[in-house]
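Report on the structure
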Amino acid sequence: MRANEDELRRLMISGLDGNAADHAALLRLLVPVLRGFYRRRSSGADDDIEDLVQETLIAVHTRRASYDRERAFTAWLFAVARYKMIDHFRRVRRLQPIEGLEEVLVADGFEDASGARLDVEELLGTLPPKQARMIRATRIEGLSISEAAAVDGIGESDVKVSVHRGLKALMARIQGGAR
Amino acid sequence: MNTDDLIARLSADVPKVPRHAIGRRLAIGLLLGALVAGIAVVGTLGIRPDLHVAMHGFSFWVKWTYTISLSVVALGMTAQLARPDSGRIRWAWLLAVPVVLLAGAGIVELARTPPGAWLAMWLGHSWKVCPWIVLALAMPIFAGLLWSFRRLAPTRLRAAGAAAGLSAGAFAATVYCVHCPEVSAIFVLTWYSLGILLAASIGALLGPRLLRW
């Protein structure tokens with residue numbers, strides 16, 4: 001299952017209400033998210049990353065009272081993850097040269113990027129499947145029109161029309177949402 | 001340990017978390033600490049004998065309004081800093097409101113008093129001990145708030161420590177009001193605030209050490 005804000009938040013809130021199965025499902029879904037988060041930010045070995053992931057899972061569990069049900073879950077999660085990473089570096093690699101730190105800082109856009117990715121997934125979910133699929137293929141995965149047409153077994157003009165209609169619908173939705 | 005095993009172990013114990021858990025936990029820690037501080041005041045310093053009379057007086061309520069409003073703002077800041085994604089605290093300036101109002105009351109008071117009596121009014125009878133008593137009473141409250149933080153997730157530890165210290169100091173001053181017979185606004189503005197500031201400084205000093213998780 002793909003992790004998105006709504007799903008994670010639903011599981012978190014259900015866990016806060018005492019549902020252990022949903023809490024376990026949440027922690028399992030967080031594993032790949034956290035691995036990606038840490039891998040992108042540290043050059044560390046997989047062991048280090050797994051340590052961080054586990055520490056963060058424990059923190060998510062023990063500090064869950066600090067999550068406010070009215071707020072975004074991923075913002076809370078990434079704040080916990082970032083804190084754990086800084087704490088980890090402080091403890092484990094106190095003597096590491098500053099290069100490590102730079103990489104940490106450079107990857108700072110990751111949260112926004114993954115937040116944006118979740119938003120995009122959510123928006124694409126509102127479109128008819130074919131339009132969403134074509135936008136994903138041509139605009140996100142970077143296929144050409146003819147490649148996308150071949151992959152899906154439809155005509156090139158069909159691809160173009162789907163992308164165009166889909167983007168137009170998204171634009172209308174976003175502008176409507178902003179108003 | 002294998003991550004799957006860890007998840008299984010963590011999910012074995014999933015107690016319910018009530019809504020507004022941050023506020024609840026902070027309130028419990030604060031009140032437990034305040035209980036200890038209250039017992040200390042009653043047991044060692046004693047309640048001022050004219051408390052029921054004083055409670056009808058203006059100066060008592062000036063003091064309480066000052067310390068309680070500082071406590072409320074400081075606790076709000078503490079609650080925000082207890083979240084990992086706390087962001088900027090845009091309303092920290094609210095702390096200045098009670099200070100400015102009390103300073104205003106102090107100026108009015110000075111204007112009505114002959115300058116010769118100003119020093120006596122400013123120092124009162126207890127200026128040497130007042131800040132220290134406030135600081136001492138703040139310690140159990142600060143300890144209570146540290147307990148609250150054990151399930152919370154501050155990421156700016158120095159700021160969180162300072163906010164907790166400030167809350168503890170302001171609430172300790174509120175408790176101390178039931179003993180302290182001083183009446184002048186400039187006394188409170190100087191010596192109470194000094195005690196509260198000391199508590200906040202100690203909180204800022206200890207925060208990074210004690211609030212780590």
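For the structure given in this document, a descriptive report is provided here.

Rules used in this analysis
Residues numbered from 1 in each chain as written. Chains lettered and ligands numbered in written order. Predicted model: local features only at pLDDT ≥ 70, side-chain atom pairs only at ≥ 80, totals over all residues. Heavy atoms only, no water. Contact = heavy atoms within 4.5 Å. Buried area = accessible area lost by both parts, 1.4 Å probe. Salt bridge = Lys/Arg side-chain N within 4 Å of Asp/Glu carboxyl O. Polar contact = N/O pair within 3.5 Å; in protein donor to acceptor, adjacent residues only side chain to side chain. Helix = DSSP H or I, 4+ residues; strand = E, 2+ residues; numbered from the N terminus. Nonpolar A, V, L, I, M, F, W, Y, C, P; charged D, E, K, R; others polar. Axes fitted to C-alpha atoms, helices over the stretch in contact; angles between N-to-C directions. Parallel < 35°, antiparallel > 145°, perpendicular 65-115°, else oblique. Left-handed = near helix turned anticlockwise from the far one by under 90°. Buried < 20%, exposed > 50% of the residue type's maximum accessible area, 1.4 Å probe, protein only.

**Some details on the interface of chain A and chain B**
Contacts between the two partners involve 35 residues from chain A, matched on the other side by 30 residues from chain B. In total, about 2,800 Å² of surface goes out of reach between chain A and chain B, with carbon and sulfur atoms giving 60% of it. Contact with chain B buries surface across chain A, with A:Arg63, A:Ala65 and A:Tyr83 losing the most and accounting together for 24% of the total. Across the chain A-chain B interface, the total number found is two salt bridges. Across the contact surface, chain A and chain B share 16 residue pairs in polar contact (both at pLDDT 80 or more). No other element matches helix α4 (residues 73-92) of chain A, which puts eight residues into the side of chain A that touches chain B. A breakdown of the residues in the side of chain A that touches chain B according to their chemical character gives 14 nonpolar, eight polar and 13 charged.

**Quick look at the packing of helix α4 (residues 58-81) of chain B against helix α9 (residues 185-210) of chain B**
Each packed pair of helices is defined by two parameters, the angle between the axes and the distance between the axes. Residue and element names in this part refer to chain B. Axis separation between α4 and α9 bottoms out at 12 Å; the angle between their running directions is 30 degrees. Of the possible angle classes, the one that applies to α4 and α9 is roughly parallel. As α4 runs across α9, the sense of the crossing is right-handed. Between α4 and α9, the residues in contact are Lys-63, Tyr-66, Thr-67 and Leu-70 and Val-188, Leu-189, Tyr-192, Ser-193 and Ile-196, respectively. Looking at the contact of α4 with α9, its residues break down into six nonpolar, two polar and one charged.

**Digging into the pattern of salt bridges**
Taken as a whole and judged by the stated rule, the model has 10 salt bridges over all chains. A salt bridge links A:Glu70 to B:Arg19; its shortest N-O distance comes to 3.4 Å. With one member in each of two chains, A:Glu70 in the loop between α3 (46-62) and α4 and B:Arg19 in the loop between α1 (3-10) and α2 (21-45) form a pair that bridges those chains. The class for A:Glu70 is exposed, based on a relative accessible area of 58%. A salt bridge links A:Lys130 to A:Asp158; the shortest N-O distance between them is 3.0 Å. Linking A:Lys130 in helix α7 (residues 129-140) with A:Asp158 in helix α9 (residues 156-178), this pair joins segments that are 28 residues apart in sequence. With a relative accessible area of 32%, A:Lys130 lands in the partly exposed category. A single network of salt bridges, built from pairs that share partners, joins A:Asp87, A:Arg90 and B:Arg212.

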